[in-house]
Amino acid sequence: MSKSGAEVDYRKVGLRVGLEIHVQLDTREKLFCNCPTKLVEEEGDVFTRELRPARSEMGEVDPAAVLEWKKGRRFRYSSPRESSCLVEADEEPPHSMNMEALKIALAVALSLNMKIVDEVYTMRKIVIDGSNVSGFQRTSLIALNGWLEDEEGRIGIQTLCLEEDAARKISESEFEVHYKLDRMGIPLIEIATAPDIHSPEQARRVAFKIGQLVRLTGKAKRGLGSIRQDVNVSIEGGGKVEIKGIQHLYLIPKVIEYEVLRQTRLLWLRDELARRGLAKESIRVEPVDLTEFFKNTQSKLIKKILSEKDAVVYALKLEGFKGLLGLELQPGRRFGTELADYARVWAGVGGLIHSDELPGYGISSGEVAEIYKRLGGNPERDAFVIVAGERGKVQKAVEVIVERVRAAFDGVPEETRGANPDGTTRYMRPRPGRARMYPETDIPPILITNELIESAKKLVPEPLDVKLKRLTSEHGLSRDLALNLINDIRLDLYEKLAEKWKGKIPPVVIASTIVNTLKMLENEGVHVENIEDEHIEKVIEYVAEGRLAKEAIPDVLRKIAERPTSKIEEILEEMGLRKASESEVVEVVNKVIEENIEKLRSKPGKAFNIVMSEAMKILRGRVDGSLVADIVKKKLSELNIT
Ligand SMILES: [Zn+2]
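Everything numeric here is computed off the predicted structure, so don't read it as measured data.

1. Brief notes about the sheet that holds strand β3 (residues 74-79)
- Reading across from one edge, β2-β3-β10-β9 is the order of the four strands in this open sheet, with mixed pairing throughout. Because the sheet does not close on itself, it has two edges, and the strands there are β2 (45-50) and β9 (168-172). Strand-to-strand twist in this sheet, taken as the mean axis angle between neighbours without regard to direction, amounts to 25°.
- The pairing of β3 with strand β10 (residues 176-180) spans five bridges and is parallel. Along β10, the bridge assignment pairs Arg76 with His178.

2. Notes on unusual backbone geometry
- Here the bond from Leu358 into Pro359 is cis, since omega is 0°, no more than 30 degrees from zero.
- Mapping Pro359 onto the fold places it in the loop between β18 (351-354) and α7 (365-375).
- With phi around 65°, Asp90 is a residue other than glycine that occupies positive phi space.
- Take Asp90: it is sitting in the loop between β3 and α2 (99-111).

3. Quick word on the packing of helix α12 (residues 491-500) against helix α13 (residues 507-523)
- With their axes 10 Å apart at the nearest point, α12 and α13 run at an angle of 155° to one another. Here α12 is positioned roughly antiparallel relative to α13, judged by the angle of their axes. In this structure, α12 meets α13 at a crossing whose hand is right-handed. For the pair α12 and α13, the contacting residues are Leu493, Tyr494, Leu497 and Ala498 in the first and Pro507, Ile510, Ala511 and Ile514 in the second.
- Looking at the contact of α12 with α13, its residues break down into eight nonpolar, no polar and no charged.

4. Quick notes on the sheet that holds strand β15 (residues 311-318)
- The strand order β14-β15-β19-β18 describes an open sheet built from four strands, whose pairing is antiparallel. Two strands bound the open sheet, and with one partner strand each, they are β14 (288-289) and β18.
- As paired elements, β18 and strand β19 (residues 383-390) share four bridges and run antiparallel to each other. Within β19, the position partnered with Gly351 by the bridge is Ala388.

5. Some details on the pairing of strand β12 (residues 227-234)
- Summarising burial for β12: six of the eight residues are buried, a large majority.
- The sheet contact formed by strand β1 (residues 16-24) and β12 spans eight bridges and is antiparallel. Paired with His22 across the two strands is Arg228, which belongs to β12.
- With four bridges connecting them, β12 and strand β13 (residues 241-246) associate as antiparallel partners. For Val231, the partnering residue across the bridge sits in β13 and is Ile243.
- Turn length for the β12-β13 hairpin, with the two strands adjacent in sequence and antiparallel, is six residues, and the turn residue Gly237 shows positive phi of about 85°.

Each value, and the rule that gives it
Residues numbered from 1 in each chain as written. Predicted model: local features only at pLDDT ≥ 70, side-chain atom pairs only at ≥ 80, totals over all residues. Pairing = 2+ DSSP bridges. Helix = DSSP H or I, 4+ residues; strand = E, 2+ residues; numbered from the N terminus. Axes fitted to C-alpha atoms, helices over the stretch in contact; angles between N-to-C directions. Parallel < 35°, antiparallel > 145°, perpendicular 65-115°, else oblique. Left-handed = near helix turned anticlockwise from the far one by under 90°. Contact = placed C-beta atoms within 7 Å. Nonpolar A, V, L, I, M, F, W, Y, C, P; charged D, E, K, R; others polar. Buried ≥ 20, exposed ≤ 12 C-beta atoms within 10 Å, placed from the backbone.

Listed below in structure tokens is the structure:
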């Protein structure tokens, strides 16, 4: 068994990775109504819904849906007026599809060499976690079967769909989930690659390329949460595991490394069970009730649980499993952790302890020996789990634990997992069944005409090699800077700012801020992740307007990173970079003239330069030089010094 992911030969283990990338579009309106696509502070009216029984038209029941239904939670929705209407609240049928969004999707499909459908049909995809008020999400297949060039080989692009974003989760408890409807209905492009990716680093690169491509239409939303990445990971002999909600690009390789590690070890576990001569059937739902036994325990954890109403402690023997519950699958996550995940997700039980971590949690070695005795187990050979909590939940937990332990005999169960911030993953739910879609009858199909394709072509981003040439020839960037910019996540921000401040600020200042300044600050240990696009936009604006010297950019950004919650205007003011008012400029100019009046009268030809240079020393970085020049000229002519 390898000790860490770093030693793994990914080709050898047969790693196959597919990506699913969701990018929010920055359209004027939502996908199926006229609300703006922005998140707002306003809470708005609140209403609640119970979960509807989820069933497809075929009558099939989705295992993921059953799981949600069993949680029996209520959903509360905030519907801010600014950013939601009756469509999001499911009180009014959807309007026809937003053509702006459709054109962007078509443009992306074209640049991914995809085959575009003749007619766009909108489907309903069942979602049961309450994130859509109606209980389904609308999704439309736009194109299929394309490809993307990558250094390690061509990557197939299977599908591109246009779909509505789900509601935004505000909070969650055992009984209720609170959502806000402002995010719901924002158009999303969902791009799924074929499982053609063979290394963790390649996955990161391909995800970046796809994101960059959408961003370069100039129509992608920016910032945290605007791109969401899911990965499908499998290795030879393993199972297809879907990992959801990877927020940062840099986490993708880590998540895949850890998943390969987990699957490798689960396969080792499967083989070890065979080596030990164990059989799936020997794992039975036969818990022993130890509630009475634990009445006098010193374990604070167990005591606390037992103080709750109708609480029980069950123990379950796992024959021949000695040492295997403590098997580490990912850093800090053991096979026992997987069992605990199942108990938590399916039964809402938080308290699971296994024999490989005992004595511990205040449970003594004497108690451990007694538990073995009561279970009829052999301490040298067998293992057990202890589950504590409310009776009904504990009974359910024991069932799902047995189910998970039995699955270990087959290797890697196919499941959907959630990414943790450190790159490890936790069990979320079974992989959804196929019976999740049915036609949306409220929205007529849209014929893809040549006209539509032609107008979409105008949005297709220029190829990167063409862009590189333009950045060096037209924008005057060095080849190195241009190349770095092309591989920067803020390339589209650069394009936007370079266009906006054309003629006011050299493109190299913008490019260098994005590429070099941020990197320099990062190397200094500055928390550059606190620097948002809006900050950069503001700083560039100040430079373009002559209110800030370009030399001051690093200082301002450093301050912003140190105090991410402060307003940029406040920071600039504190740094003495507040924009000077016209009257302040007049005051400064008057003062300079007064102090130098003798010299000015004796050298009228140099008067303008003298006053300008003295005034700018005082006002530097806070004012546009041309404003000062105008005032100086006016004052000098009033005094007849010309
Ligand atoms: Zn709306």
